[in-house]
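So you can see what is in the structure, the chains are spelled out below.
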Amino acid sequence: MAKQERSLAELYGDDPERGDALAFGRRTGSSRRGFLGGAGLAAMGAAVGGAIPFSDQMPAGLIPAALAQGAPPPASPALSAAPAAAAPKGPQLLDFPGKAKGLILLGDRPLVAETPEHMLDDDTTPIEKFYVRNNGQTPEPFTEGDAWELTIDGEVNTPLKIKLGELKQKFTHKTFRMVLECGGNGRSFFQPQARGNQWTNGGAGCAEWTGVPLADVLQSAGLKSTAVHTGNFGADQHLSGDATKDAISRGVPIAAALEPHALLVWAMNGQPLPAIHGGPLRAIIPGFPASVSHKWLKRIAIRDKVHDGQGMGGTSYSVAIKPMIPGGKTDDSNMRTMTDMPVRGIITNPANGTRLATGTRKLALRGAAWDGHEGVSRVDVSIDFGATWQPAKAAEPKNRYDWRRWTAEVELPSDGYYELWVRATDSKGRAQPHVAGGWNPQGYGANPMHRVAVLVG
Ligand SMILES: Nc1nc2c(c(=O)[nH]1)N[C@H]1C(S)=C(S)[C@@H](COP(=O)(O)O)O[C@H]1N2
Ligand SMILES: [Mo]
């Protein structure tokens, strides 16, 4: 049986509409709605563990959230106990000092772990729940704190070597709550699979970062008129151990480095910045993919051209200018470096796979929504596969790089299987799509709507 169960997800993966037809006897093509009836509907209901009140709204080819591969593990066994959802092995969990149980290990060399959506339920993401992304070897924790030295050189009038202690003394401290999000967040939603860590929505978190504005430090070094870009260098070694290579060395246009929220950071949520998050000193450059927020920061070279370090150029942190054929051949001249993160909303409560008491009719939802630079203008939720939407109440962000926590209450007409969907829209009117768009070889910028399966009764 296990073989057959696993192949349901594979079938959908290869060709969702054919998967529907084969698994449930759906007729596809003619009508996109109301096609699921009789034996097919019964089979689907059995697969997801209950009757589907809005089955007539279920889009063809949509893998039910309860069965979707790559979905976070159901928080309760209710849905995984359903016949077709049984069998899949649970994901590997991170076991790391200072980190909560439940973070999902995406790789151990280098160490990468994401936070399942339901663990992003705090207004400010606690350190123990914050995702981890390393590209190289994690350096030994630095024990001399304020003696850490940062070099600023290149296109500046006065190159600086400045100790962390001096940074703290000489410049004005700022604390901002800001989202940090991996450029690859959402990558697992691409079809066909793009290379890299298969993040769902949990390569992101929102913490209080304390440090000094990078602008103040750069201005004290005196930027030359030739200054165009920053280039970051850190203390972590390349995975190969080859000292001539950097684990990662990215940077941003000078304007982004001078933005008042761009910080050199030594504290996270009021605690000394943990070593795993780049302590004692890292950069936080909000709005961009987090790969420019360099950890264990040793040197910022001010460049007279776009920085060309490890992770710059080619397909790295780049999206297609003209849409490309998913899985198709890459043309580097059609790629542009990502400078922005797309809008994303997630449901943080209830968790995927929650079973609710028979007769539950009112359900409170909670979540978060954020984007790169524009701001989130609205958040909507749906319980009928997107046929109708209702607005959520979104709290004001503390600053433009903070996320917006949101709440909503939905009414469920009966017992059964529901999918709770959330869709955030940015201030330019761009909403999350139903499926990941803009396929690119390394899988950046996937932001389809988040869906959570719940079973009432
Ligand atoms: N020195 C250094 N800085 C780094 C990285 C790295 O591998 N080395 N990874 C980057 C990437 S890709 C991400 S997503 C974030 C992750 O930060 P976190 O581990 O604190 O969550 O750090 C960025 N800064
Ligand atoms: Mo990243």
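Residues numbered from 1 in each chain as written. Chains lettered and ligands numbered in written order. Predicted model: local features only at pLDDT ≥ 70, side-chain atom pairs only at ≥ 80, totals over all residues. Heavy atoms only, no water.

**Notes on the site of ligand 1**
Neighbouring residues of ligand 1: 19 residues in total, closest Asn135, Asp236, His277, Arg282 and Lys295. At 2.7 Å, a side-chain N or O of His277 approaches an oxygen atom of ligand 1. Computed on the free molecule, ligand 1 has an accessible area of 530 Å², of which 100% lies beneath the protein chains in the complex. Mapping ligand 1 onto the cavity grids shows that it belongs to the largest cavity. A class-by-class count of the residues in the shell around ligand 1 yields nine nonpolar, six polar and four charged. (Near = heavy atom within 4 Å. Polar contact = N/O pair within 3.5 Å; in protein donor to acceptor, adjacent residues only side chain to side chain. Areas by Shrake-Rupley, 256 points an atom, 1.4 Å probe, with all protein chains shown as cover. 1 Å grid on protein atoms, 1.4 Å probe; cavity = no way out; pocket = protein on both sides within 12 Å on 5 of 7 lines; lining within 4 Å. Sits in = over half its atoms within 2 Å of the grid points. Nonpolar A, V, L, I, M, F, W, Y, C, P; charged D, E, K, R; others polar.)

**Overview of the nonpolar core**
Val379, Phe385, Trp406, Tyr417 and Leu420 are the most contacted members of the largest nonpolar core, which totals 38 residues. Elements with a contribution of two residues or more to this core: helix 3 (38–48), strand 17 (362–370), strand 18 (376–382), strand 21 (404–411), strand 22 (416–426) and strand 23 (450–456). With six residues, the top contributor of residues to this core is strand 22. Counting residues domain by domain, this core receives three or more from each of domain 1 (8–86) and domain 3 (344–456). (Core = buried A, V, L, I, M, F, W, Y, C linked by side-chain atoms within 4.5 Å. Buried < 20%, exposed > 50% of the residue type's maximum accessible area, 1.4 Å probe, protein only. Helix = DSSP H or I, 4+ residues; strand = E, 2+ residues; numbered from the N terminus. Domains from an automatic or database assignment.)

**As for the side chain of Ser249**
Along the chain, the position of Ser249 falls in the loop between strand 8 (229–234) and helix 7 (254–258). Side chain to side chain, Ser249 and His307 meet in a polar contact 2.9 Å long. Those residues within four positions of Ser249 in sequence are excluded, and the remaining contacts are Asn232, Phe233, His294, His307, Gly309, Gln310 and Met312. (Contact = heavy atoms within 4.5 Å.)

**Here we look at the pairing of strand 2 (residues 111–114)**
Across the two faces of strand 2 the burial is the same, with Leu111 and Ala113 and Val112 and Glu114 all buried. As judged from the four bridges shared by strand 1 (residues 104–108) and strand 2, these two strands associate in the antiparallel manner. If you follow Asp108 over to strand 2, its bridge partner there is Leu111. The antiparallel pairing of strand 1 with strand 2 creates a hairpin that spans two residues between the two strands. Pairing between strand 2 and strand 3 (residues 132–133): two bridges, direction antiparallel. Bridging across to strand 3, Val112 finds its partner in Arg133. (Pairing = 2+ DSSP bridges.)

**Comments concerning helix 6 (residues 214–221)**
Turning to helix 6, its buried residues are Leu214, Ala215, Val217, Leu218 and Ala221. Projected down its long axis, helix 6 shows its buried positions confined to an angular sector of 165°, all on one face. Once helix 6 finishes, Gly222 follows within two positions and takes phi at roughly 80°, a positive value. (Arc of directions from axis to C-beta.)

**Some words on the sheet that holds strand 18**
Strand order across the open sheet formed by five strands is 16-23-22-18-19, with mixed pairing between neighbours. Each of the sheet's edge strands pairs with one partner strand only, and the pair in question is strand 16 (354–356) and strand 19 (390–391). The sheet contact formed by strand 22 and strand 23 spans seven bridges and is antiparallel. Paired with Leu420 across the bridge in strand 23 is Val452.

**Quick word on the sheet that holds strand 21**
A sheet is described by the order of its strands in space; here four strands give the open sequence 15-17-21-20, paired in antiparallel fashion. Of all strands in the sheet, those with a lone pairing partner are strand 15 (344–349) and strand 20 (393–394), marking the two edges.

**What about the pairing of strand 21?**
Judged from the eight bridges that link them, strand 17 and strand 21 form a sheet pairing that is antiparallel. Across the sheet, the residue bridging to Leu365 is Ala408, located in strand 21. With two bridges joining them, strand 20 and strand 21 adopt antiparallel strand pairing. Pairing of Lys393 across the sheet is with Thr407, part of strand 21.

**Concerning the layout of surface pockets**
Its volume calculated, the second largest pocket comes out at about 520 Å³. Taken together, 22 residues line the second largest pocket, and the ones lying closest to its centre are Val319, Arg336, Pro342, Arg430 and Gly445. By residue class, the composition of the lining of the second largest pocket is eleven nonpolar, five polar and six charged. Residues lining the lining of the second largest pocket come from more than one domain, with at least three contributed by each of domain 2 (127–337) and domain 3 (344–456). (Points joined across faces, edges and corners; volume = space filled by probe spheres on them.)

**Quick word on the environment of Met324**
Tracing the backbone shows Met324 in the loop between strand 13 (318–320) and strand 14 (335–337). Not counting residues within four places of it along the chain, the set of residues in contact with Met324 comprises Lys329, Thr330, Trp439, Asn440 and Pro441.

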